[in-house]
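Each chain, letter by letter, is given below.
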Amino acid sequence: MKAFVTTLFSLFFGVMVQAQVLNPEPVTLDYYLPDNVTYNSEIPTPSEILGSEVGEWHVRHDQLVNYMYAVAEASDRVTITEYARTYENRPLLMLTITSPENHQNIDELKEEHLKLTDASVSDDLDLSQMPAVVTMSYSVHGNEPSGSNAALPVVYYLAAAQGPEIDAMLENTIINVDPSINPDGLDRFAHWANTNKSKNVLVTDPNSREFDETWPGGRTNHYWFDLNRDWMPMIHPASQGRVAKFHEWVPQVLTDHHEMGTNSTFFFQPGIPSRTHPLTPQRNQALTGAIAEYHAEALDDIQSLYYSKESFDDFYYGKGSTYPDVNGSIGILFEQASSRGHAQESIHGILEFPFTIRNQFVTSLSTLEAVQELKEELLANTREFYQEAAEEAGDAPIKAYVFGEEADQARTKHLAEMLERNQINVYELASDYEDFKSGKAYVVPTNQKQYKLITAMFERRTEFTDSLFYDVSTWTMPYAFNLPFAELNRDYNSNMLGDEFSLDTFELNGELVGGEAQYAYAFEWDEYYAPRALYRLLGNGVRAKVASQTFKSVIENGAKDFDYGTIIVPMGIQDDPDKVHEIIQTITEEDGITVYELPTGLTPSGIDLGSGSFENLRDPKVAMIGGSGSNSSEVGEAWHLFDQRYHMPLSIIKSDDLGGTDLDRYNVIISSGYGISDGAAENLKEWVREGGTLIVFKNAIRWAKSQGLANVEYVEDEDDGEEETEVETRPYVKAGEDRGAEVIGGSIFNTKIDLTHPIGYGFNREDVKVFRNSTLFIEKGENPYSTPLYYTDDPLASGYSNDENLERMKGSGAIVVSGYGSGNVIAMTDNPNFRAFWYGTNKLFANAIFFGHTISGGTVN
């Protein structure tokens, strides 16, 4: 049967072969292009610029860039702009392809097109005279390269094809091509695939090195983030530039080209109907289904296997195929079975790289055909989306949201920044409202064109039509930032609106209260960038202490109460006072920290500045375990936090190297994985015994417990130990759904924090919202002081969780501190740095790093 299938596919697809053979002649451009079309010879072909045929090698990003610029130079149909740079300084490009006549009026066409989003004027537009806009975005995952490689023949075809059909399409369509969404990942993978390719023989054995990337792989960006989860949060420069381009045009359709497992076929949306977000109009799904018919016909013509309405969903609005759905567009996901190299055995025969490229090319063209024929319906969809949003906003009971944290301007402003990047108007709170202070809070009126997206970002949802999710089930943004917020109904009026927030004027405001200190400086730990400020001091050899008790101190023109976690810098013990003054000035100017000059060590109340209740701090020397057994995203999130926000070095040590590493260089080690050898474990144990702080979260807790490092106990099921009950039989077909319903794919939960504990320093309310995407539950520690964070008895704040998991979660430990020799092991059940937009729990992580060694031995498990 296998031989028959292989033979059948060889007959159908030409480039699919039966076995490992001498490298065949590379396919030519004709393999991809439609028949019976003539091409402009003045437009360079990919091989003329690359020096090889499309699919012969994996294209590097620099080659891709060179080709795109060459085509733009040669064609009056194509213009090219650089919209951002990656962390590794690679350019991100957008090609705009349309008729030369449209290019001459492109600004006017864009202005007219954006009127579709303005409900007050959109009825006046003549849709029959407007071109539709399509954005085609390729390979957000770097090791899913058939998309970016398909961009080569797509751009060639659009620039070079001749005839009345292409002329009509370009007259009626403006096509934006993003040839590589993730250049850093694409280059990482291309390097791997090309350097492991045999020159004379196509090695198709799935066990071969070519198909087994080394950790962390090429899927992600420089910091190992999945950029396909960043469309709405826009943490990364690539995403910020890309989404700005999206809103510059608001296309009718956006295509998102991916790959999946080698033994799969080809997927196109719609996804599973029951897993579409309720805010997405049904009309969106109907149009997606209508477009799907064009993909089916195109793939039928080349005899490619495909499927739809399975596996994938349209729920989380942070993905490339769903963000358009809440912005008046149609997002379409394509998933091609991946060769993961140049040719690999699969259940359908040998899957070659050119075949994967051709499917992406063909469905790119079928998208354009569908947009041509459904142009007015698609334009009407955008217009009606914003008209309906305006009508719903006018009738909505929630008139505005207010949010803000008086003690932390950075988290408050970063949420305002995120909203503004999503084209949401945000205003300063003009006057105090309940607990929200003017100048410290912002207001978001709901009666604006982004009403649906505002609702999606602020809503708390706990009821769902389906219990399975491809990604997270909730993303309530004020919870992600751990910010107080309120819904305004009849209380709202326009007089509450102060100046509009603008990215152009975004800044953090710190100050030095008093003058140059002779005795001591002090700053509280509330502000988000307090860890960065402290590291500026400690990393430069400045001696600092942290308050484990509250106190009141004399300051300029009065006195001030200082909270747990206040940092003091006594001047009498410094080696270079002038350097200290200089760093303090930088902290006030760049970190948004208010620093106080303290003229005396004698305090009106609480501890004096020379008290032993001020703990000495050490310069954190931090390493994180990476490599095999570690989740690269979790390691990358920590790396990004250290590098981009705290400006701290983080050594990432492969787990395989841990046994032979001199750990005395470090005083904090972090792990979120497993798979550490026995020899490495003994090395790590000795290091903790000597006073190191080990931070473990998620899967690493299991490993630390198995090694006797983490003194924690798992929460057992209620029926454990009871007599067996009769098994309820279930239909076989329901097995996947039943197992999926037991998973916490990503939800938000209520926890309570001890504000007096070093882990709780800088928090101002006991209520902390945490993100969880695992079912690891641990009991509170036996020592009553060892659990600084635990789940409440009503844990679900937003998202999906089944009743069994909620029952196990109630009152369980979220952070438990164990003692081990002279060191501490801090176990966190959840990732405090999730996707870098979970600002609200970053401080739990920072506190473990900076203050973990100060946790008293009598308070640990």
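Structure's up top.
Just so we're clear, the structure is a prediction, and the values are computed from it rather than from any experiment.

Reading guide: rules and limits
- Residues numbered from 1 in each chain as written.
- Predicted model: local features only at pLDDT ≥ 70, side-chain atom pairs only at ≥ 80, totals over all residues.
- Heavy atoms only, no water.
- Helix = DSSP H or I, 4+ residues; strand = E, 2+ residues; numbered from the N terminus.
- Rg over C-alpha atoms; globule rule 2.2 N^0.38 Å.
- Buried < 20%, exposed > 50% of the residue type's maximum accessible area, 1.4 Å probe, protein only.
- Contact = heavy atoms within 4.5 Å.
- 1 Å grid on protein atoms, 1.4 Å probe; cavity = no way out; pocket = protein on both sides within 12 Å on 5 of 7 lines; lining within 4 Å.
- Points joined across faces, edges and corners; volume = space filled by probe spheres on them.
- Nonpolar A, V, L, I, M, F, W, Y, C, P; charged D, E, K, R; others polar.
- Core = buried A, V, L, I, M, F, W, Y, C linked by side-chain atoms within 4.5 Å.
- Salt bridge = Lys/Arg side-chain N within 4 Å of Asp/Glu carboxyl O.
- Phe/Tyr/Trp six-rings, centres within 6.5 Å; stacked < 30°, edge-to-face > 60°.
- Lys NZ or Arg CZ within 6 Å of the ring centre and 35° of its normal.
- Pairing = 2+ DSSP bridges.
- Axes fitted to C-alpha atoms, helices over the stretch in contact; angles between N-to-C directions.
- Patch = residues over 30% accessible without salt bridge, like charges linked within 9 Å, V, L, I, M, F, W, Y side chains within 5 Å.
- Areas by Shrake-Rupley, 256 points an atom, 1.4 Å probe, with all protein chains shown as cover.
- Lys, Arg positive; Asp, Glu negative; His and termini not counted.
- Charge placed at Lys NZ, Arg CZ, Asp CG, Glu CD.
- Expected span 1.5 Å × (residues − 1).
- Parallel < 35°, antiparallel > 145°, perpendicular 65-115°, else oblique.

K.L.:
Honestly, the overall build of the protein in this entry has me stumped. Any pointers?
P.N.:
A count of helices and strands for the protein gives 23 helices and 34 strands. Taken over the C-alpha trace, the protein has a radius of gyration of 29 Å; the compact-globule value for 861 residues is 29 Å, and the two agree within 12%. Along the first, second and third principal axes, the C-alpha set of the protein runs to 90 × 65 × 65 Å. Of all 861 residues assigned to the protein, the portion counted as buried reaches 61%. Taking the contacts inside the protein whose residues are at least 6 apart along the sequence as the reference set, 78% of them involve residues at least 24 apart.

K.L.:
Whenever I open this one, the layout of surface pockets confuses me. Can you help?
P.N.:
One way to see where empty space is left: roll a probe the size of a water molecule over the atoms. Put simply, the largest pocket is a space of about 890 Å³. In terms of lining, the largest pocket is formed by 30 residues, of which the most central are Pro 34, Tyr 157, Glu 165, Leu 365 and Glu 369. Looking at the lining of the largest pocket, the elements with two or more residues in it are strand 5 (161-162), helix 7 (164-172), helix 10 (282-301) and helix 11 (353-373). Among the elements that make up the lining of the largest pocket, the one with the highest residue count is helix 11 (9 residues). Taken together, the residues of the lining of the largest pocket break down into 17 nonpolar, 5 polar and 8 charged.

K.L.:
Would you mind showing me how to read the nonpolar core here?
P.N.:
Burial of nonpolar side chains together is a common tendency in soluble globular proteins. Counting 120 residues, the largest nonpolar core has Phe 403, Ile 670 and Phe 850 as its most contacted members. Excluding its chain neighbours within four sequence positions, the residues that come into contact with Ile 670 are Val 622, Ala 623, Met 624, Ile 625, Phe 642, Ile 695, Phe 697, Phe 845 and Ile 849. Val 27, Ala 72, Met 136 and Val 371 belong to the second-largest nonpolar core, a separate cluster that totals 68 residues.

K.L.:
What am I meant to see in the pattern of salt bridges here?
P.N.:
Side-chain pairing between opposite charges can occur once the charged atoms of the two side chains come close. The final tally for this structure, using the stated rule, is 39 salt bridges. In this structure, Glu 248 engages Lys 245 in a salt bridge whose closest nitrogen and oxygen atoms are separated by 3.3 Å. Here Lys 245 and Glu 248 lie together in helix 9 (residues 237-249), a separation of 3 residues that amounts to about one turn. Looking at Glu 248, the relative accessible area reads 26%, which means it is partly exposed. Looking at Lys 245, the relative accessible area reads 17%, which means it is buried. For Asp 619, the salt bridge is made with Lys 621, and the minimal N-O distance between the two is 3.0 Å. Three or more residues are tied together by salt bridges with common partners; here these are Glu 144, Arg 219, Asp 226, Arg 229, Asp 471 and Arg 835.

K.L.:
I keep staring at the packing of aromatic side chains and nothing clicks. Help me out?
P.N.:
By convention here, two paired aromatic rings are described through the distance between centres and the angle between planes. Taken as a whole, this structure holds 45 aromatic pairs when the rule is applied. Ring centres of Phe 834 and Phe 837 lie 6.0 Å apart, and the angle between their planes is 70°; on these two criteria the pair is classed as edge-to-face. By the burial criterion, Phe 834 is buried, and Phe 837 matches it. Look at Phe 850 and Phe 851: their rings are 6.4 Å apart centre to centre, the planes differ by 50°, and that puts the pair in the tilted class. Comparing Phe 850 with Phe 851 shows no difference in burial state: the two are buried. Among the aromatic residues, those joined into a cluster by ring pairs are Tyr 401, Phe 403, Tyr 442, Phe 458, Tyr 479, Phe 485, Phe 501 and Phe 506. Over the face of the ring belonging to Tyr 839 we find Arg 645, whose NZ or CZ atom lies 4.1 Å from the ring centre.

K.L.:
Can you walk me through the environment of Val 243 in this structure?
P.N.:
Assignment of secondary structure puts Val 243 in helix 9. Residues Val 243 and Gly 320 lie 77 residues apart in sequence; the distance between their C-alpha atoms is 9.7 Å. Excluding anything up to four places from it in sequence, Val 243 contacts Trp 231, Met 234 and Tyr 323.

K.L.:
Teacher, can you tell me more about the pairing of strand 21 (residues 558-562) here?
P.N.:
Regular strands place side chains that alternate from one sheet face to the opposite one. Note that strand 20 (residues 551-555) and strand 21 share 5 bridges and pair antiparallel. Along strand 21, the bridge assignment pairs Phe 551 with Phe 562. Where strand 20 folds back on strand 21, the antiparallel hairpin that results is connected by 2 residues, among which Asn 557 adopts a positive phi of roughly 65°.

K.L.:
Explain helix 16 (residues 530-538) to me, please; I cannot follow it from the model alone.
P.N.:
Residues spaced three or four apart along an α-helix face the same direction, because each turn holds 3.6 residues. Burial analysis of helix 16 places 9 of its 9 residues in the buried class, the great majority of the element. Listed in full, the buried residues belonging to helix 16 are Ala 530, Pro 531, Arg 532, Ala 533, Leu 534, Tyr 535, Arg 536, Leu 537 and Leu 538. Looking at the buried side of helix 16, the elements it contacts are strand 18 (520-523), strand 22 (567-570), helix 17 (577-590), helix 18 (632-646) and helix 23 (842-851).

K.L.:
What is the right way to look at the sheet that holds strand 34 (residues 823-828) in this model?
P.N.:
Within a sheet, each strand pairs with its neighbour through backbone hydrogen bonds, oriented either parallel or antiparallel. A sheet is described by the order of its strands in space; here 9 strands give the open sequence 27-26-28-29-34-33-32-30-31, paired in mixed fashion. Unpaired on one side and paired on the other, strand 27 (651-654) and strand 31 (767-772) mark the two borders of the sheet. Between one strand and the next, the sheet's axes are offset by a mean angle of 25°, whatever the strand orientation. Judged from the 5 bridges that link them, strand 30 (residues 747-753) and strand 32 (residues 789-798) form a sheet pairing that is antiparallel. Counterpart to Thr 751 in the pairing with strand 32 is Tyr 791.

K.L.:
Looking at this structure, how should I read the sheet that holds strand 22?
P.N.:
In space, the 6 strands of this open sheet follow the order 17-23-18-22-19-25, with mixed pairing throughout. Edge strands, defined here as strands with exactly one partner in the open sheet, are strand 17 (511-513) and strand 25 (614-616). Strand-to-strand twist of the sheet, defined as the mean angle between neighbouring strand axes without regard to direction, takes the value 30°.

K.L.:
Honestly, the environment of Phe 469 in this entry has me stumped. Any pointers?
P.N.:
With respect to the secondary-structure elements, Phe 469 resides in the loop between helix 14 (451-458) and helix 15 (477-480). Using a relative accessible area of 19% as the deciding quantity, one classes Phe 469 as buried. Sequence separation between Phe 469 and Tyr 316 is 153 residues; the distance between their C-alpha atoms is 8.7 Å. Apart from the residues lying within four places of it in its own chain, the contact partners of Phe 469 are Asp 313, Phe 315, Phe 464 and Tyr 800.

K.L.:
Looking at this structure, I do not really get a negative patch on the surface. What am I missing?
P.N.:
On the surface, a cluster of negative charge is made up of Glu 165, Glu 297, Asp 300, Asp 301, Glu 369 and Glu 373. With 3 residues, the single largest contributor to the negative patch is helix 10. By the secondary structure assignment, Glu 373 is in helix 11. Overall, Glu 373 belongs to the exposed group, its relative accessible area being 52%.

K.L.:
Help me understand helix 10, please; the structure alone is not making it clear to me.
P.N.:
Between its first and last C-alpha, helix 10 extends 30 Å over 20 residues, near the 28 Å set by a 1.5 Å rise per residue. Buried within helix 10 are the following residues: Asn 284, Gln 285, Leu 287, Thr 288, Ile 291, Ala 292, Tyr 294, His 295, Ala 296, Ala 298 and Leu 299. On its buried face, helix 10 sits against strand 7 (253-260), strand 8 (266-268), strand 9 (330-337), helix 11 and helix 12 (375-395). Once helix 10 finishes, Gln 303 follows within two positions and takes phi at roughly 60°, a positive value.

K.L.:
Sorry, what's going on with unusual backbone geometry here?
P.N.:
Most of the time, phi is negative for any residue but glycine, and the peptide bond is trans. The linkage connecting Trp 215 with the following residue, Pro 216, adopts the cis geometry, with an omega of 5°. Mapping Pro 216 onto the fold places it in the loop between helix 8 (183-195) and helix 9. The backbone of Arg 340 sits at a positive phi, close to 55°, despite the residue not being glycine. Summarising the element assignment, Arg 340 is placed in the loop between strand 9 and strand 10 (343-346). Look at Arg 340 and you get partly exposed, because its relative accessible area is 23%. Of note in this structure, Ala 836 is not a glycine but carries a positive phi near 70°. Inspection of the secondary structure assignment puts Ala 836 in the loop between strand 34 and helix 23.

K.L.:
How do you make sense of the environment of Phe 458 when you look at a structure like this?
P.N.:
Along the chain, the position of Phe 458 falls in helix 14. Taking the relative accessible area as the measure of exposure, Phe 458 reaches 0% and is therefore buried. Along the chain, Phe 458 and Leu 598 lie 140 residues apart, while their C-alpha atoms are 41 Å from each other. The residues contacting Phe 458, other than those within four sequence positions of it, are Tyr 401, Phe 403, Leu 419, Val 444, Thr 476, Pro 478 and Phe 485.

K.L.:
What is the right way to read the packing of helix 5 (residues 106-114) against helix 9 from this model?
P.N.:
Helix packing geometry: the angle between the two helix axes and the distance between the axes. Two elements in contact, helix 5 and helix 9, have axes separated by 8 Å at closest approach and are oriented at 85°. Here helix 5 lies roughly perpendicular to helix 9, going by the angle between them. From helix 5, Ile 106, Lys 110, His 113 and Leu 114 reach across to helix 9, where they touch His 247, Glu 248 and Trp 249. Here the contact of helix 5 with helix 9 is composed, by residue class, of 3 nonpolar, 2 polar and 2 charged.

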